[in-house]
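Each chain is listed here by its residues.
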Amino acid sequence: MSPAPGYATDFAERYDDWFTPPPQTTDATVTLLAKLAADAPDGPLLELGIGTGRVALPLAARGYEVHGIDAAKTMLDRLRAKTGGERINVSTGDFAEVDHDGNFAVIYVANGTFSELPTQEAQLRCFARAGQRLLPGGLFVLDAHVPEALATDCLTGAQPVESASGAPVLRTRRIHPATQRYVSDYLVLDHGLFQHIKVTFRYASPGELDLMAASAGLRLRERFGGWSGAPFSDRSSYHVSVYELPASA
Ligand SMILES: C[S@@+](CC[C@H](N)C(=O)[O-])C[C@H]1O[C@@H](n2cnc3c(N)ncnc32)[C@H](O)[C@@H]1O
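Residues numbered from 1 in each chain as written. Predicted model: local features only at pLDDT ≥ 70, side-chain atom pairs only at ≥ 80, totals over all residues. Heavy atoms only, no water.

As named in an unreviewed UniProt entry, the protein chain is Class I SAM-dependent DNA methyltransferase, taken from Streptomyces ochraceiscleroticus.

See below:
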């Protein structure tokens, strides 16, 4: 069965309208990744769960060779149709396998997408395969919620989410500690019709992610409190973790 989530297969043509984060978030993501790439060995970048190219396209426009994997052909079709999309070399498949030719200076996964891998086994496999695809000194970068902050957020009820098209989007989150999952339900009012989109995630603490990384031969190089590059602290609700394959590995 394809691991492509329903929102990607059924709503790819509306994904950018409903779910694109604010432009300043994308700018910050691209800027931080470019800064990290400048410190990494020379080589291409690989995005896991590349989607419609929100991050990959501006990175490619800055001159980086960007590759990507996504399970949803529908999302990749949208990416290819955009200006610069033809420059991105994409594979269709489960990004937990990191099955894409080449070795990479930076492998990254953005917008909470790593947590879409549904089990610890799949997340571990993703770390292991990413480690095998990195050049010595290369980086594996992912973002995720801090579970304690997520639990608090789940108490706040429905929240409006800014959408690129201006369509009203409401999100509720439920957390299931027994299975280490959280579920986001989105209700979108689009052209007078309500659409319901449900996405299930498996969350992991920063410590669990670090252990998964260690089992793949990667070590934590830096952890930021978000794509802005702010320090990670007790007040951080989100993190961007940067793992490194030691150059001597
Ligand atoms: C939330 S979107 C983010 C897209 C893009 N990274 C961004 O930041 O705009 C997540 C993407 O990951 C893809 N995806 C989710 N699970 C996947 C899996 N196991 N293998 C491959 N792609 C997956 C979805 O199809 C979707 O395109």
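A few words now on the site of the ligand. Taken together, 22 residues sit near the ligand, with Glu-47, Gly-49, Arg-54, Asp-70 and Phe-95 positioned nearest. Ala-71 has a polar backbone atom sitting 3.0 Å from a nitrogen atom of the ligand. One nitrogen or oxygen atom from the main chain of Phe-95 is found 2.9 Å from a nitrogen atom belonging to the ligand. Across the complex, the protein chains shield 97% of the 590 Å² of accessible surface that the ligand would expose by itself. In terms of residue class, the shell around the ligand is made up of 12 nonpolar, five polar and five charged. (Near = heavy atom within 4 Å. Polar contact = N/O pair within 3.5 Å; in protein donor to acceptor, adjacent residues only side chain to side chain. Areas by Shrake-Rupley, 256 points an atom, 1.4 Å probe, with all protein chains shown as cover. Nonpolar A, V, L, I, M, F, W, Y, C, P; charged D, E, K, R; others polar.)

Sites flagged by UniProt as "domain: Methyltransferase" (unreviewed entry) map to residues 46-138. Structurally, residues 46-138 is divided into 31% helix and 25% strand, and its ends, taken at the C-alpha atoms, are 11 Å apart. (UniProt positions renumbered as here; feature names shortened; annotations may be inferred. Helix = DSSP H or I, 4+ residues; strand = E, 2+ residues; numbered from the N terminus.)

This next bit is on the packing of helix H6 (residues 120-133) against helix H8 (residues 206-215). Contact pair H6 / H8: the axes reach a minimum separation of 8 Å and the direction vectors enclose 50 degrees. Classified by the angle their axes make, H6 and H8 are oblique. The element H6 and its partner H8 pack so that their crossing is right-handed. Contact residues: H6 offers Gln-120, Gln-123, Leu-124 and Phe-127, while H8 offers Glu-208, Leu-209, Met-212, Ala-213 and Ser-215. Across the contact of H6 with H8, the residue classes tally to five nonpolar, three polar and one charged. (Axes fitted to C-alpha atoms, helices over the stretch in contact; angles between N-to-C directions. Parallel < 35°, antiparallel > 145°, perpendicular 65-115°, else oblique. Left-handed = near helix turned anticlockwise from the far one by under 90°. Contact = heavy atoms within 4.5 Å.)

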